[in-house]
Amino acid sequence: MPTCSFCKKPYNEHKGIVVFTFDGKSLSYCSGKCRRNAELGRDPKKTNWVRREKKGKSIKELKEEKIRSIKEDTGDKK
Ligand SMILES: [Zn+2]
């Protein structure tokens, strides 16, 4: 099971694309989206759609935190 070199997500074989660079490295991408984003030189940490693997915190918790911070921001303006 290869892992995508951009989004670090494990995916099934017979899917995606493997790019061999001139340095002898092989880059496997799960989708054309990941390949294009990597070719554009984007940082996977900064892209919103890449799932971050944070210790202890789930996506639901992160969303709740975001909502809380937005609520706090609006509260300060008043
Ligand atoms: Zn990917």
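Residues numbered from 1 in each chain as written. Predicted model: local features only at pLDDT ≥ 70, side-chain atom pairs only at ≥ 80, totals over all residues.

### A word on the overall build of the protein
The number of helices and strands found in the protein is two helices and two strands. Tracing the protein from N to C terminus, the helices and strands come up as β-β-α-α. Restricting to contacts in the protein with at least 6 residues of sequence separation, those with at least 24 account for 30%. (Helix = DSSP H or I, 4+ residues; strand = E, 2+ residues; numbered from the N terminus. Contact = placed C-beta atoms within 7 Å.)

### Description of the nonpolar core
Here is a general trend for soluble globular proteins: nonpolar side chains tend to be buried in one another's company. Core analysis: the largest hydrophobic core is formed by five residues, namely Cys4, Phe6, Tyr29, Cys30 and Cys34. Sequence-distant contacts of Phe6, that is, excluding residues within four places in its chain, are made with Tyr29, Cys34, Asn37, Ala38 and Pro44. (Core = buried A, V, L, I, M, F, W, Y, C linked by C-beta atoms within 7 Å. Buried ≥ 20, exposed ≤ 12 C-beta atoms within 10 Å, placed from the backbone.)

### Focus: the pairing of strand S1 (residues 17–20)
Of the strand pairs in this sheet, S1 and strand S2 (residues 26–29) are connected by four bridges, and their pairing is antiparallel. Paired with Ile17 across the strands is Tyr29, a residue of S2. Between S1 and S2, which pair antiparallel one after the other, the connecting turn spans five residues, and Gly24 there sits at a positive phi close to 95 degrees. (Pairing = 2+ DSSP bridges.)

### Brief notes about the environment of Val19
Relative to the helices and strands, Val19 is located in strand S1. Through-space distance from the C-alpha of Val19 to that of Tyr29 is 7.9 Å; in sequence the pair is 10 residues apart. The residues contacting Val19, other than those within four sequence positions of it, are Leu27 and Tyr29.

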